[in-house]
There are 4 protein chains.
Amino acid sequence: MELGMIGLGRMGANMAQRLQRGGLEVTGFDPGAEARARLAAAGGATADSLEALVQALPSPRVLWLMVPAEAVDPVLEQLLPLLAPGDLVVDGGNSWYRHAARRAQRCGQARVAFVDCGTSGGVWGLEEGYCLMLGGEAAALARLRPALQALAPAADRGWAHVGPVGAGHFCKMVHNGIEYGMMQAYAEGFALMQKKQEFELDLAQVAEVWRHGSVVRSWLLDLSAEALQRNPGLEGIAPYVQDSGEGRWTVNEAIELEVSAPVITLSLLERLRSRESNSFADRLLAQMRSGFGGHAVKAANDGP
Amino acid sequence: MELGMIGLGRMGANMAQRLQRGGLEVTGFDPGAEARARLAAAGGATADSLEALVQALPSPRVLWLMVPAEAVDPVLEQLLPLLAPGDLVVDGGNSWYRHAARRAQRCGQARVAFVDCGTSGGVWGLEEGYCLMLGGEAAALARLRPALQALAPAADRGWAHVGPVGAGHFCKMVHNGIEYGMMQAYAEGFALMQKKQEFELDLAQVAEVWRHGSVVRSWLLDLSAEALQRNPGLEGIAPYVQDSGEGRWTVNEAIELEVSAPVITLSLLERLRSRESNSFADRLLAQMRSGFGGHAVKAANDGP
Amino acid sequence: MELGMIGLGRMGANMAQRLQRGGLEVTGFDPGAEARARLAAAGGATADSLEALVQALPSPRVLWLMVPAEAVDPVLEQLLPLLAPGDLVVDGGNSWYRHAARRAQRCGQARVAFVDCGTSGGVWGLEEGYCLMLGGEAAALARLRPALQALAPAADRGWAHVGPVGAGHFCKMVHNGIEYGMMQAYAEGFALMQKKQEFELDLAQVAEVWRHGSVVRSWLLDLSAEALQRNPGLEGIAPYVQDSGEGRWTVNEAIELEVSAPVITLSLLERLRSRESNSFADRLLAQMRSGFGGHAVKAANDGP
Amino acid sequence: MELGMIGLGRMGANMAQRLQRGGLEVTGFDPGAEARARLAAAGGATADSLEALVQALPSPRVLWLMVPAEAVDPVLEQLLPLLAPGDLVVDGGNSWYRHAARRAQRCGQARVAFVDCGTSGGVWGLEEGYCLMLGGEAAALARLRPALQALAPAADRGWAHVGPVGAGHFCKMVHNGIEYGMMQAYAEGFALMQKKQEFELDLAQVAEVWRHGSVVRSWLLDLSAEALQRNPGLEGIAPYVQDSGEGRWTVNEAIELEVSAPVITLSLLERLRSRESNSFADRLLAQMRSGFGGHAVKAANDGP
C-alpha cells in the first residue's frame, strides 16, 4: 500500500516512519523545508508541494492529513482540486468532530472519500504504536487496513471503526477529556505526598511501586515514574499548564448533552487557573474578607 | 442587666460598646493592656484581671467570651474556679460546635450554665447589629434576652434560640460555609467581567446597579460595590485568601453527613489554591504533557 | 413618554403595568389572545397585531421586546419593515449577548436604533422594581430615561448604561452565573442543616435570623426564608432543577476567556445532575469497584 | 519463611494462597468458621483461635493482619499478650495512617515490631500479584522480604519500603484518592459517549481500542472494557456508589495540608451524590427559581 502524509510535525513524521517500517510506501509533504529534510534524513520519501505529492501517488490515492486543526480546511481546499474521484482523505489530527460531516460532504462533492481518525499515542507512537479511532464508511476503512495495522501497536489491536463520519474525532475528544481527569488525579495525589514532609517520601519510588500490581497502574503513571526518577523535584518547570482544545470541547459537549462531568471539567479549570497570575477573583475575595471581617489583606508586593 | 465581656479584640470591643449603647452595664477584660485601654478610651468599664472582672459583677454573673477558638478552653479553666453556681458563660466566638457539649458539661459540673452563640456581622456589627444564633437551655437564654436585644439589629429580630447546646455554633459554621460560596460566586463573576476587555465595564457601576432590584442583591454585594468604587483595580491587594476554619469544618461535616456540597467545598479549595505558589501538581501536569505529547514546558524562570 | 411592549408573558405584562403606574403610556402586544386579555383586564392598552401596535405609537417609536431568546430574530424580521428611521428597539429579554451586535447592525440598516437591556428582578419586579443593565448608544438611552426610571426601584437607582451594544446582556449573563452560585451555596448549607438531625433545626427560623445582621443576608435569603416558612419540608417539590441558558453561556464564556470559575461551573453541573436518572457514570463506577475490589453492587431494583 | 494470616476475607484468603504458592508456610485464622473452611478447602492450613495460631508459629513470629479497619485495635489487644519479644505484626488492611504510630508504640511496649502495609490489587492480586507500600523499620522489613517477594507481581517489583511507620498506609490512602479520580474520569467519559446517541457508539469497542497505544490505557480501563463487553448497558446495576473511607481521609488530609485537590474531592462528592435521593438542596433550588422567576416546579410525584 502507498500513501501520502501531509504534515510532518511531531506526529506526522513519526507516523510516516512507522508506516514505512511496516512495509508501506509513504511520501511525505510539509510546507516547511526543514520538516521535509528531517523526514528525508530519516530515510523517508518527500514531495516539495501538494501537487508533487498527489502526482507521486498511484490512483486511487490515499492522503493522510496530520496538520493543526485550523489548517485542515485550507489544506483541503488546496488539495481537492488536485484529486480525482475515488481518492481518499484521512483527517488524523485533533479536529473538532463537528467539522467532520461538513468536510466529508465537501469531499463527497468531488467523489473523494473522507475518514476522520482520532489518533492517540503522542511521541511514543513511533515505537509503541498508535491508538486509532476511525469514523466513516466501511469501504473507505477497508482500503486503509494495511496502514492501520502498521500504525497500531499490533495488527489487530489498537484501531477500530467506531461509527459514521465524526465518530472517530468524537471518541478522541472524549479520550482527551478523560486524559485531563486522570492527569489531574495523579498530579493532586503526588502533590499531596510531596507536601507531607514528615514521611520524606521518594515520589519516584512510590510511582514505581504503583506500576506493579496496583489499581492505579497506567501508562500515564509509567511516564510519571520516569519523569520523577529523572527530576524528583520537578526543578526548572513552571507550574503553567497549556491545553490544546479537546478538553474545552469535551466540557462544552457534556453541558450540551446535559451530562454532569465535574472531574473532567475541573481538570480543565485547573489548567486555566495555573495560567492566571494576580487573580482578580482572589483579590476581590481578600478585599471582601477585609471589608466585613476586618481581616488584614496581604499587600501585593509582599513576598510569598 | 450587667455582664462581663472577656476578649476585647475587633469583635468583643465593639460588642461591649453596642451593649452599653443599649443601656446595659458592661465590664470588659482582655489580657492585653492596649485592648483594655482602647475600650476605656471609648468610655467602657474594664477590669485588669479575670478575678477583678468576676468580682466586679453582681451574682448571678453573666460572662461573655469573645476569644480565639484555641483560647476558649484555657480561659474556661481559669474562669470556672472563680465562678459560683448559677453563673452563666456564653461562648460567642468561632468555636467548633463539637466542643460545645463538652464545655457545657464541664461548666455544669460547677453548676454554671453554658450557651454557645454563633455571631455574624463582623466589624459592621457595632452600627448595624449582630446576627446571633444560640444553643443551650431556654432558661439560660431567657436571662440573656436584654443583651441579645441590644446586640441584634432590632430588639426582636436577629437573634434566635436555634437548638440545644452546640446548635448555635453549628448554624454559624454552616453560615460561614454559605458565605464562602457566595463570595466565590461574586468573585468569579466580577473576574469574568474584568477579563472581558472589549466592553470596558466599570465594575463598581455594575455592582452598584445590581444592588437595586436584582436577584443577586445582598449585603456582600453592598460591600463589594463600595470596595470597587474605592479601588476599581483592586490595586495593592495580593491574590491571597486566608480561611479561618469554619469553611473546613463545614466541608468535613458535609462529607461526614454524606451531603454533597460541591460549591462550598470548591470555595474552600480555591482559597487553598490562592495560597499555593509553584504548585507541584501543575508542574507535574506540565511535565506529563511534555512526556507523552512532546509539548514544550514553560521554564520556571520565564516571565508570565 | 409612550412605548410598545412586545411579549406579555410573566415579565412583559408586569413591566407594562409598572410603566403605566409610572405615568407612561404603554400599548402591549402578544401573539396570544389570552395574554393580551390579561393585560387588558389589568387596565392596559393592547394591540391585536404588530402592525396595529406600530401604528398606535407616535413617531419616533419605542418598541420594547420581552420575548423568548429564540423569538427575538423572527420578531425583529417582522417588525423592522414596519418601522421608520429614528425608531428604537429594546431587547429586554434573556438573549445571548453575542447576538446583540448583529441585531444592532441589522436595525442600523433600517436606521432604527437598538439597545440591549439585561433585566433582573423576576416576578417581584412589578412591586419592587427591576434592575436594568443597558448596552448601546448614549443618545438612544437618553430617550429611554423616563421608562428606565419607572421600571427601576428608584428613579436614579437600578438602571445603568454599562457599555456598548452587547454589554447589557453580557452583564445580565454574568449576573445569572453569580445567581446560580449563590443559590447553590444556600441550597447546600440548608441541606446540611436539614441532614443534621440531632439538633432538630427549624430551617425557616435559621433563615429568618440570618436575614438580620448576618454576612449572608440577601434577597435570595429573604425568598428562601419565606419558602421554608410556608413549606418547611419542601414537600411536593421534585429535586429537579431547570436551567434557562445564561448559566451555560457564562460557563462557556469563562472557559473562552480562560477565567477559572469553579463555583459558577459546578452550580450549573449540579442542575444537570439533578435531572439525571439512572446515571450511567455512577453505574460504571459501581461496576468498576466490584470489578477490582469484589465490592457488592446494589441491584437496580433495590429500594433506596 | 512461615507466617500467620489473621483475617481470611476476600483479601486475606487470597494473600494466604499466593504466599503458599510462593513457597511460604502460612497458617490462617479468621473468627468465622466458614472463612477458615474456605481456606482449608483451598489447601491452606488454618488455626481455630488466635491462641492456636500463635502457638503454631515458630519464634520469632510474623503475624499479618488483613482485618477491617475498625477491628485492628481489638485484634491487637487480644494478640499482644500472646506474643513474645521479637515477634512482628504487619497491618496490611486499609487502616488510617494516623493510627500506625500509636499502634507501633503499643507493640513496642511488648517489644513486638510493627509494620504498616498498604495493599493494592484487589481480588486480582491472587493471580497478578499485589502492590505493597510499607512503613516501618528496615530491620523489620528485611524479615518480611520472602513474603513481600511472593505477594508482589515480581520478586523485585511491586513492593517498597516507602518510609517510617505510617508512610505505608499514607501512600495507600493517596493511591485510593487517585483511584477515585481516575474512575470518575473514565465514568464521565463513557457516560458522555453513551449519551451521544447519534453515533451509536459501542462502548466496549471504544474501551478495547483505547487499551492499545492510547494515552489513557490503564488497568482500570482493562477492567472497564471487560465489564462493558459483558454488560454493555450496565443493566441491573443501581447508580449507587459506595466509598470505603480512604477517599474521605485523602480529602481531609489535602485540606489539612492546604493542597487544593479538586478532582479527588469532587470524585468523593459524586459518590455521596449518587446515594442521595430526593435531594433537599435540589428541591430548595427548584423552589427558589420558582420564588423569584415564577418558573414552574416539577411536582414530586411526576415521572422522570
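Owing to the predicted nature of the structure, the values given are computational and were not obtained by experimental measurement.

### Here's the deal with helix α7 (residues 138–151) of chain D
Moving on, step 1. For α7(D), with 14 residues, the first-to-last C-alpha span of 18 Å sits near the 20 Å given by 1.5 Å per residue.
Moving on, step 2. Among the residues of α7(D), A140(D), L141(D), L144(D), A147(D), L148(D), A150(D) and L151(D) are the ones counted as buried.

### Observations regarding the environment of F29(A)
Moving on, step 1. Secondary-structure assignment places F29(A) in strand β2 (residues 25–29).
Moving on, step 2. Discounting residues that sit within four places of it in the chain, F29(A) has contacts with M5(A), I6(A), G7(A), L8(A), R36(A), A47(A), D48(A), S49(A), L50(A) and L53(A).

### Details of the confidence of the model for chain A
Moving on, step 1. With 99% of its residues at a pLDDT of 70 or more, chain A shows a mean pLDDT of 96.
Moving on, step 2. For this predicted complex, the interface confidence reaches an ipTM of 0.96, while the overall pTM sits at 0.96.

### Digging into the interface of chain D and chain A
Moving on, step 1. Contacts between the two partners involve 67 residues from chain D, matched on the other side by 67 residues from chain A.
Moving on, step 2. Where chain D abuts chain A, roughly 5800 Å² becomes buried across the two surfaces, and 74% of that area is made up of carbon and sulfur atoms.
Moving on, step 3. Of all residues in chain D, the largest losses of buried area upon contact with chain A belong to L192(D), F199(D) and V215(D), amounting jointly to 12% of the total for that side.
Moving on, step 4. Connecting chain D to chain A are four salt bridges.
Moving on, step 5. E128(D) is the salt-bridge partner of R217(A), the closest N and O atoms lying 2.4 Å from each other.
Moving on, step 6. Applying the counting rule to chain D against chain A returns 20 residue pairs in polar contact (both at pLDDT 80 or more).
Moving on, step 7. Counting residues per element, the ones that place at least two in the side of chain D that touches chain A are β7 (131–135), β8 (159–163), α8 (167–195), α9 (203–210), α10 (219–230), α11 (246–256) and α12 (262–275) of chain D.
Moving on, step 8. The greatest single-element share of the side of chain D that touches chain A, amounting to 18 residues, is contributed by α8(D).
Moving on, step 9. Each residue belonging to the side of chain D that touches chain A can be placed in one class, and the counts come to 39 nonpolar, 19 polar and nine charged.

### Re the sheet that holds strand β3 (residues 45–46) of chain A
All names here are of chain A.
Moving on, step 1. In spatial order, the strands read β3-β2-β1-β4-β5-β6-β7-β8; together these eight strands make up an open sheet with mixed pairing. Two strands lie at the open edges of the sheet, namely β3 and β8 (159–163), each paired on one side alone.
Moving on, step 2. Sheet analysis places strand β1 (residues 2–6) next to strand β4 (residues 62–65), joined by three bridges and oriented parallel. Paired with M5 across the two strands is W64, which belongs to β4.
Moving on, step 3. Across the sheet, helix α8 (residues 167–195) lies against β5 (88–91), β6 (113–120), β7 (131–135) and β8, angled at about 15° from β6, the strand it touches most.

### A look at the interface of chain C and chain D
Moving on, step 1. Contacts between the two partners involve 63 residues from chain C, matched on the other side by 63 residues from chain D.
Moving on, step 2. For the pair chain C and chain D, the summed buried area comes to about 5300 Å², and 68% of that belongs to carbon and sulfur atoms.
Moving on, step 3. Area buried by chain C at its contact with chain D is led by F280(C), R289(C) and F292(C), which between them contribute 14% of it.
Moving on, step 4. For the pair chain C and chain D, the interface holds two salt bridges.
Moving on, step 5. Between R273(C) and E270(D) there is a salt bridge, with the nearest N and O atoms lying 2.9 Å from each other.
Moving on, step 6. Our count for the chain C to chain D interface comes out at 20 residue pairs in polar contact (both at pLDDT 80 or more).

### Examining the domain arrangement of chain A
All names here are of chain A.
Moving on, step 1. When cut into domains, chain A gives domain 1 (2–164) and domain 2 (172–273).
Moving on, step 2. For domain 1 versus domain 2, the distance between C-alpha centres works out to 30 Å.
Moving on, step 3. At the interface, twelve residues of domain 1 touch nine residues of domain 2.
Moving on, step 4. The interface formed by domain 1 and domain 2 contains two salt bridges.
Moving on, step 5. Counting the contacts that link domain 1 with domain 2 gives eight residue pairs in polar contact (both at pLDDT 80 or more).

### Section: the environment of N176(D)
Residue and element names in this part refer to chain D.
Moving on, step 1. Within the secondary structure, N176 sits in helix α8.
Moving on, step 2. Spatially, the C-alpha atom of N176 lies 8.8 Å from that of S120, the residues being 56 residues apart in sequence.
Moving on, step 3. Polar side-chain contacts of N176 include one of 2.8 Å to the side chain of H175.
Moving on, step 4. Reaching out from N176, the side chain makes a polar contact with the side chain of E246 at a distance of 3.5 Å.

### Description of the side chain of K196(B)
Moving on, step 1. Note that K196(B) resides in the loop between α8 (167–195) and α9 (203–210).
Moving on, step 2. Setting aside residues no more than four positions away along its own chain, K196(B) makes contact with Y97(C), F170(C), E253(C) and L257(C).

### As for the relation of the copies chain C and chain D
Applying a rotation about an axis and a shift along it to one chain copy brings it onto the other copy.
Moving on, step 1. Expressed as a screw operation, the relation of chain C to chain D combines 0.0 Å of axial shift with a rotation of 180°, fitting to an RMSD of 0.0 Å. In the structure described here, the two chain copies are related by an operation that fits a two-fold rotation axis.
Moving on, step 2. The residues that chain C uses at the interface reappear at the interface of chain D in 100% of cases, marking a shared surface.

### Digging into the packing of α8(B) against helix α12 (residues 262–275) of chain C
Moving on, step 1. At a minimum axis distance of 7 Å, the contact between α8(B) and α12(C) shows a crossing angle of 110°. Between α8(B) and α12(C), the angle falls in the class roughly perpendicular. Here G181(B), Q184(B), A185(B), E188(B) and G189(B) of α8(B) come into contact with α12(C), specifically with P262(C), V263(C) and I264(C).
Moving on, step 2. Classifying every residue of the contact of α8(B) with α12(C) by side-chain character gives four nonpolar, three polar and one charged.

### Looking at the packing of aromatic side chains
Residues and elements named next belong to chain B.
Moving on, step 1. Counting across every chain of the model gives 28 aromatic pairs over all chains.
Moving on, step 2. The interplanar angle of 85° and the centroid separation of 6.4 Å between the aromatic rings of W124 and W219 together place this pair among those described as edge-to-face. With W124 in the loop between β6 (113–120) and α6 (125–128) and W219 in helix α10 (residues 219–230), this pair connects stretches of sequence that are 95 residues apart.
Moving on, step 3. Note on W124: relative accessible area 34%, which makes it partly exposed.
Moving on, step 4. Arranged with centres 5.6 Å apart and planes meeting at 50°, the rings of F190 and W210 form a pair that is tilted.

### Here's the deal with the sheet that holds strand β6 (residues 113–120) of chain C
Residues and elements named next belong to chain C.
Moving on, step 1. Taken in spatial order, the eight strands of this open sheet run β3-β2-β1-β4-β5-β6-β7-β8, and their pairing is mixed. Both edges of this open sheet fall to β3 (45–46) and β8 (159–163), since each of them pairs with a single strand only.
Moving on, step 2. For strand β5 (residues 88–91) and β6, the ladder comprises four bridges, and the chain directions are parallel. Directly across from D91, in β6, lies its bridge partner D116.
Moving on, step 3. Each of β1 (2–6), β4 (62–65), β5, β6, β7 (131–135) and β8 is contacted by helix α7 (residues 138–151), which is oriented at about 65° to β4, the strand it contacts most.
Moving on, step 4. In the packing of helix α8 (residues 167–195) onto the sheet, contacts are made with β5, β6, β7 and β8, and the angle to β6 comes to roughly 15°.

Reading the values: rules and limits
Residues numbered from 1 in each chain as written. Chains lettered and ligands numbered in written order. Predicted model: local features only at pLDDT ≥ 70, side-chain atom pairs only at ≥ 80, totals over all residues. Heavy atoms only, no water. Helix = DSSP H or I, 4+ residues; strand = E, 2+ residues; numbered from the N terminus. Expected span 1.5 Å × (residues − 1). Buried < 20%, exposed > 50% of the residue type's maximum accessible area, 1.4 Å probe, protein only. Contact = heavy atoms within 4.5 Å. pLDDT = per-residue confidence, 0-100. Buried area = accessible area lost by both parts, 1.4 Å probe. Salt bridge = Lys/Arg side-chain N within 4 Å of Asp/Glu carboxyl O. Polar contact = N/O pair within 3.5 Å; in protein donor to acceptor, adjacent residues only side chain to side chain. Nonpolar A, V, L, I, M, F, W, Y, C, P; charged D, E, K, R; others polar. Pairing = 2+ DSSP bridges. Axes fitted to C-alpha atoms, helices over the stretch in contact; angles between N-to-C directions. Domains from an automatic or database assignment. Least-squares fit on C-alpha atoms with pLDDT ≥ 70 in both. Parallel < 35°, antiparallel > 145°, perpendicular 65-115°, else oblique. Phe/Tyr/Trp six-rings, centres within 6.5 Å; stacked < 30°, edge-to-face > 60°.

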